[in-house]
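Remarks on the overall topology
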Amino acid sequence: MRGMFTAGVCDVLMEHGITFDGAIGVSAGATFGCNYKSHQIGRVIRYNKRFARYWKYCSLRSLILTGDLYGADFCYNVIPNKLDLFDYDTFAKDPMHFYVVVSDCLIGEPIYKELKTGHGTDLTWMRASASMPLVSSVVKVDGYKLLDGGMTDSIPLAKFQEMGYDKNIVILTQPKDFVKEPDSLLKLMRLSLRKYPKLLARPITISSTIMPSGRRKREKLLSCIQRNRWEYHALSTILMSCSDATRQAARWPRAGWMRLSLS
């Protein structure tokens, strides 16, 4: 559900005609954020409402049968190519640079991959960025073995600044003072990822505060509302609440801000 917040923020920014020089997405920020470059307002909430209960989209059945909680073929082939078309032409023509963060299982480090066409292996890199451990297969693409980018760099603000993007909007899906507790599934994760000791060596179960303490004054932060506001609603209402809550949380950036970081 936190990804719906990212989607809602992107929709509102696009509705106001706000453009950026670059964007970087992690996990759902990658799979949903790509719609910013393709200029497809409302697409994420639309297909999530349509397929949320369909087992090939996301289910334990899919996990058991395919090894992925989110069905890889359905999510990254059937939906964008047949059921809710992704605008590859607009994605490729738009001048904004779009990057995704993935975790290299063999060396335990993040990879920052720029996607230029949106199709072919670009879709596989998006899938890798959102492939959560325990509920996803390791994604193999371009000679790499990859998993969710959030395992190695969940908020790639420092990397984006290093790349020259010095004025950033960071879309957070947790409160900005959030501290992640030790993962109750740590033992199971260690068993599942035992072939990748360098990835396990990273502190993937405990995080510091969700934003670096030395953030620059000009950055604009959009923080997430508390998830418990949605817990007892029907699924379609939850999805709409996530998107609608964005409109209450968002504060419009000034015209001079030209960088976007999605996470």
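Look above for the structure.
Every value quoted in this text rests on a predicted model; they were computed, and no experiment measured them.

Quick look at the side chain of Arg43 now. Note that Arg43 resides in helix 3 (residues 43-51). The exposure class assigned to Arg43 is buried, which follows from its relative accessible area of 3%.

What follows concerns the layout of surface pockets. Estimated volume of the second largest pocket: approximately 160 Å³. Among the residues making up the lining of the second largest pocket, the classes are represented as 7 nonpolar, 3 polar and 2 charged.

Let us now look at the state of the cysteines. A complete count under the given rule lists 0 disulfides for this structure. With no disulfide of its own, Cys10 has Cys34 as its nearest cysteine by sulfur position, at a separation of 9.4 Å. By relative accessible area, Cys10 is classed as buried at 3%.

The full count for this structure, using the stated rule, is 4 salt bridges. A salt bridge links Arg46 to Asp84; its shortest N-O distance comes to 2.8 Å. Taken together, the positions of Arg46 in helix 3 and Asp84 in the loop between helix 5 (72-83) and helix 6 (88-93) put the pair 38 residues apart, joining distant regions of the chain. Judged by relative accessible area, Arg46 falls into the partly exposed class, the value being 40%. One salt bridge connects Asp68 with Arg127, and the closest N-O pair in it is separated by 3.4 Å. Placement of the pair is Asp68 in the loop between helix 4 (60-66) and helix 5 and Arg127 in helix 7 (residues 121-129), with a sequence separation of 59 residues. The buried category is assigned to Asp68, whose relative accessible area is 5%. Shared partners join several salt bridges into a network, and the residues in it are Arg43, Arg46 and Asp84.

It is worth spelling out empty space enclosed by the protein at this point. Scanning the entire structure with this criterion turns up 1 cavity of 30 Å³ or more. In this structure, the largest cavity encloses a volume near 40 Å³. In this structure, the largest cavity is lined by Ala7, Cys10, Asp11, Met14, Phe32, Asn35, Tyr36 and Val44. Of all the secondary structure elements, the ones that give two or more residues to the lining of the largest cavity are helix 1 (2-15) and helix 2 (28-37). The dominant element in the lining of the largest cavity, judged by the number of residues it contributes, is helix 1, at 4 residues. For the lining of the largest cavity, the residue count by class is 6 nonpolar, 1 polar and 1 charged.

Turning our attention to the packing of aromatic side chains. Under the definition given, this model contains 11 aromatic pairs. Ring plane angle 70° and centroid distance 5.2 Å describe the contact between Phe86 and Tyr88, whose orientation is recorded as edge-to-face. Summarising the burial analysis for this pair, Phe86 and Tyr88 share the class buried. Three or more aromatic residues link up through ring pairs in this structure, and these residues are Phe86, Tyr88, Phe91 and Phe98.

In terms of nonpolar packing, the biggest core is built from 29 residues, with Tyr36, Phe98 and Trp125 touching the most fellow members. Secondary structure elements with two or more residues in this core: helix 1, helix 2, helix 6, strand 2 (97-104), strand 3 (109-115), helix 7, strand 4 (139-141) and strand 6 (169-171). In terms of residue count, helix 1 provides more of this core than any other element does, 5 residues in total. Once residues lying within four places of it in the same chain are set aside, the contact partners of Phe98 are Ala23, Gly29, Ala30, Gly33, Cys34, Lys37, Phe91, Lys113, Glu114 and Leu115. Of all hydrophobic cores here, the second largest spans 14 residues; its members include Met4, Ile45, Tyr57 and Cys75.

Moving on, we get to a nonpolar patch on the surface. A cluster of nonpolar side chains, Leu60, Ile64 and Leu65, forms an exposed patch at the surface whose accessible area comes to about 370 Å². Tracing the sequence through the fold places Leu60 in helix 4. The exposure class assigned to Leu60 is exposed, which follows from its relative accessible area of 60%.

So, how was this worked out
Residues numbered from 1 in each chain as written. Predicted model: local features only at pLDDT ≥ 70, side-chain atom pairs only at ≥ 80, totals over all residues. Heavy atoms only, no water. Helix = DSSP H or I, 4+ residues; strand = E, 2+ residues; numbered from the N terminus. Buried < 20%, exposed > 50% of the residue type's maximum accessible area, 1.4 Å probe, protein only. 1 Å grid on protein atoms, 1.4 Å probe; cavity = no way out; pocket = protein on both sides within 12 Å on 5 of 7 lines; lining within 4 Å. Points joined across faces, edges and corners; volume = space filled by probe spheres on them. Nonpolar A, V, L, I, M, F, W, Y, C, P; charged D, E, K, R; others polar. Disulfide = S-S within 2.5 Å. Salt bridge = Lys/Arg side-chain N within 4 Å of Asp/Glu carboxyl O. Phe/Tyr/Trp six-rings, centres within 6.5 Å; stacked < 30°, edge-to-face > 60°. Core = buried A, V, L, I, M, F, W, Y, C linked by side-chain atoms within 4.5 Å. Contact = heavy atoms within 4.5 Å. Patch = residues over 30% accessible without salt bridge, like charges linked within 9 Å, V, L, I, M, F, W, Y side chains within 5 Å. Areas by Shrake-Rupley, 256 points an atom, 1.4 Å probe, with all protein chains shown as cover.

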